[in-house]
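Descriptive structure summary
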Amino acid sequence: MSIRSYLILSYLALVLLITAGMLAGAHWVGKKVRAQSAAFSENGVRQVTQANLRLSEDILKIHGEFAVEDIAQAVAKELSYILKGKKSYNYANMRRNQALRDLATQPIRTPEGVAGYVDLLDNKGIAVLHPNREVEGKNFRLWAGEFPDMWRLVERSFTEPLVKGYYSFLDKNGRARQKFMALAQVRGTPFIVASVVNIDEFFLPVHTKINQSGQEVAGLARHGIKQYYDELDWRVKMVGLIGAGGFSLIGLLFGLFFATAISRPLVRLRDGVREIGEGNFEVEVPEKGAKEVAQLAHSFNELGEQLTDYIAKRDFIRDTFGRYVTHEVVKRLLESEGGLALGGETREVSILMSDLRGFTALTSEMTPDEVITFLNRYLARMIQVLTDYKAIIDEIMGDGILAFFGAPEPLDEHPAQAVACALAMQKALEDVNAANARDGLPHLEMGIAVGTGQVVVGNIGSETRTKYSVVGSPVNFVSRMESFALGGQVLISTGTFSQIKNLIEVGEVLEVQMKGFPGRATLFEVTAIGPPYNLRVEKKQELLTDLTAPLPVNLYRMRDKAVIDKLPEVLITRLCDTAATLQFSGELHEWEDVRLKLLNEQRQELPGKIYGKVLSIQLADDGPGQAQVRFTSVSPDLAEYIRQAAAMGAS
């Protein structure tokens, strides 16, 4: 039953008793009614006071927690500006620094006085600065047995940026009490700020005031009832039923007014609490009614503002964290109880690895700022495509990207999703190149490999550094595959092909030997994928032109981006913008990376470099061999030279 209904019914019962008492004996009924009126009034005040106490405790307890947490974070932030960047710290000097001591051991105050304090410890648990100087230099581990909950909070703060919680203690009278502790790491230092407060100190003063106000109201009610009935006693005896009827009406209206005045603000607070529970943190209630009720309403409105600020900070953390890992992983970490636990599970996923061809050579003449701007334009577009296709971006390695599909949330069609994403990335690169051309920046080409297999996926690392990643042989296999993908190509493994072969169109089929894997592997070039994706990449047509005068070059064999051999006096006999036929003598292998340097008439190397990959070799028994080379990177100053040479050969 609501307070309002209870009070109205109480006054109605009082009226009925007065009426019945007047019929039985005015004097006797007057005394009884007076006593019962006082009892009902005290009971009503007590019920309202208890409701106020419960509501104030809940609101002030939450307010206290937020206040302590904000103090810890604010002091940690200020100490970070003062202490970070130092190679070592002299605790004795720090304790002699009065300004530092005042900051790191400041009391936590309420309008009623000091409710707690701030202290500073290091990431081993040693008290560096403490309001009680006898504690300084001691390790909090000493009190782990006496205050196990406190020690668990301190121990967690060594690895977590912000820790908060309660622990129990006995006050000087031997009563069990609770403290709330918030610990915040000081960024860039080995220190931790702890703010500790006795939560009771936040609301006991308010409780005392509410109780005092309740007692005053009860006293006034008793006094008013006594005075009122003393004045009406003789009238009730004379007026009888007529007076009883009039008094009944007055009493009923008075009860209705009193009940409404008390219950309406509480009902508004109840409705406001319900709206906050439903997520509306902007709700406000009128700050009206009795002084204590108005104060509770004011505290409630402040709570809404604090919760709004908290949600904004939480969303900022989520969005900022989401720039470094995917939003799926952020959601798993922030909303799952075991999201941060180390470990993983075996699951089939599809892995995508991409890399720009000749990026290092293209950017060798750029400043660092230009390289970052150039790279970010490319990565921004690729990450957008990966996100659209629900990829989990595992790592960005310079111009290379490693991503996977099918975790942490299951994805039934992850092989098709991964291949469609790869084709979409190749098409998106056309937009990037169009923008690069407008800005006078180099043309980019990208190779992509996609493989499917069983891997271990989960949180990998340590308590201080964790990464949501995949581990297993399929990851290494895709890494090797990617080195065989030419610019504009998407290569897939046999495992991926077997699951989507009815959905895709295949170009070349390669039989290659990959380092670290026995036997030869079959790789499939994907040129298109059907519904519901409907994506296609145009295969480049390389029309080689016979040169009337072969171009002499020096050929450097490359392995892991390092030169391992040089073949001098190699001749380019056929040429186009993207490929060439070479005549060579010496050792050269298929799928080998090479660097070409054009020579002038004096056999001196011209400025600029050409990087390429050997696609095929034809060896002769009694003469030089021939090699087909696909260019992966051409220096801008050589691109025009090659076009002119190819055009002269065609004419």
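Please refer to the structure higher up on the page.
Within each chain, residue numbers correspond to sequence positions counted from 1 in written order. Local features in this predicted model are restricted to residues of pLDDT 70 or higher, and side-chain atom pairs are both shown and tallied only at a pLDDT of 80 or more, whereas totals for entire chains, interfaces and linings draw on every residue. Side-chain measures were taken over the full set of non-hydrogen atoms in the model, leaving aside hydrogen atoms and water.

1. What to know about the nonpolar core
- By nonpolar core we mean a set of buried residues, namely Ala, Val, Leu, Ile, Met, Phe, Trp, Tyr and Cys, connected to one another through side-chain atoms within 4.5 Å. Partly exposed describes any residue whose relative accessible area lies between the buried limit of under 20% and the exposed limit of over 50%, with all areas from a 1.4 Å probe on protein chains only and scaled to the type maximum. Among the nonpolar cores identified, the biggest contains 46 residues, and Tyr 378 and Leu 386 are the most heavily contacted of them.
- Secondary structure elements follow DSSP: runs of H or I no shorter than four residues count as helices, runs of E no shorter than two count as strands, and numbering proceeds from the N terminus. With 12 residues, helix 12 (residues 414-438) is the single largest residue contributor to this core.
- Filtering out sequence-adjacent residues up to four positions away, Leu 386 remains in contact with Leu 352, Ala 391, Ile 393, Ile 401, Ala 403, Phe 405, Cys 421 and Met 425.
- Ranked by size, the runner-up nonpolar core spans 28 residues in total, among them Ile 572, Leu 575, Ala 627 and Phe 631. We call two residues in contact whenever any of their non-hydrogen atoms come within 4.5 Å of each other.

2. Quick notes on the environment of Val 196
- Tracing the sequence through the fold places Val 196 in strand 6 (residues 191-197).
- Its relative accessible area of 2% is what places Val 196 among the buried residues.
- Taking C-alpha positions, Val 196 is 9.9 Å from Ile 71, a pair spaced 125 residues apart along the chain.

3. A short note on unusual backbone geometry
- Between Ala 407 and the following residue, Pro 408, the backbone shows a cis peptide bond with an omega angle of 0°.
- Within the secondary structure, Pro 408 is located in the loop between strand 9 (400-405) and helix 12.

4. A short note on a negative patch on the surface
- A patch is a set of surface residues, each over 30% in relative accessible area and not in a salt bridge, joined within 9 Å for like charges and within 5 Å for the nonpolar side chains Val, Leu, Ile, Met, Phe, Trp and Tyr. With residues, only the protein chains shown are counted as cover, and all accessible areas are computed by Shrake-Rupley using a 1.4 Å probe. Salt bridges are defined by distance alone: a side-chain nitrogen of Lys or Arg within 4 Å of a carboxyl oxygen of Asp or Glu. Neither His nor the chain ends contribute to the count of charged residues, in which Lys and Arg are positive and Asp and Glu negative. Charge placement uses NZ in Lys and CZ in Arg. For Asp and Glu, CG and CD serve respectively. Together, Glu 284, Glu 287, Glu 302 and Glu 305 make up a region of like negative charge exposed at the surface.
- In this structure, Glu 302 sits in helix 8 (residues 291-321).
- Among the residues examined, Glu 302 registers a relative accessible area of 32% and is labelled partly exposed.

5. Remarks on the pairing of strand 14 (residues 520-529)
- The buried count for strand 14 comes to eight of 10 residues, which makes it a mostly enclosed element.
- Taking the residues between adjacent antiparallel strands as the criterion, strand 13 (residues 504-513) and strand 14 are bridged by six residues, where Gly 516 takes a positive phi near 90°.
- Should DSSP find at least two bridges between two strands, the strands are regarded as paired. Bridging between strand 14 and strand 15 (residues 535-536) involves two bridges; their strand directions are antiparallel. Bridging across to strand 15, Ala 528 finds its partner in Arg 536.
- Counted between consecutive antiparallel strands, the loop separating strand 14 from strand 15 contains five residues, among which Asn 534 sits at a positive phi close to 50°.

6. Examining the side chain of Glu 136
- Residue position: Glu 136 is located in the loop between strand 3 (127-129) and helix 5 (148-157).
- At 2.7 Å, the side chain of Glu 136 forms a polar contact with the side chain of Arg 101.
- Setting aside chain neighbours within four positions, we find Glu 136 in contact with Arg 95, Arg 101, Ala 127, Val 128, Leu 129 and His 130. Pairing of N or O atoms within 3.5 Å defines a polar contact, subject to two protein rules: one partner must be a possible hydrogen donor and the other a possible acceptor, and residues neighboring in sequence count only if both atoms are side-chain atoms.

7. Details of the pairing of strand 6
- Of all seven residues in strand 6, seven are buried, a share of seventy percent or more.
- Judged by which residues are buried, strand 6 turns out to be covered on both faces: Phe 191, Val 193, Ser 195 and Val 197 on one side and Ile 192, Ala 194 and Val 196 on the other are all buried.
- Strand direction decides the pairing type here: strand 2 (residues 113-122) and strand 6, joined by seven bridges, are antiparallel. Pairing of Leu 120 across the sheet is with Val 193, part of strand 6.
- Here strand 5 (residues 176-185) folds back onto strand 6 in antiparallel fashion, the turn holding five residues, of which Gly 188 has a positive phi close to 80°.

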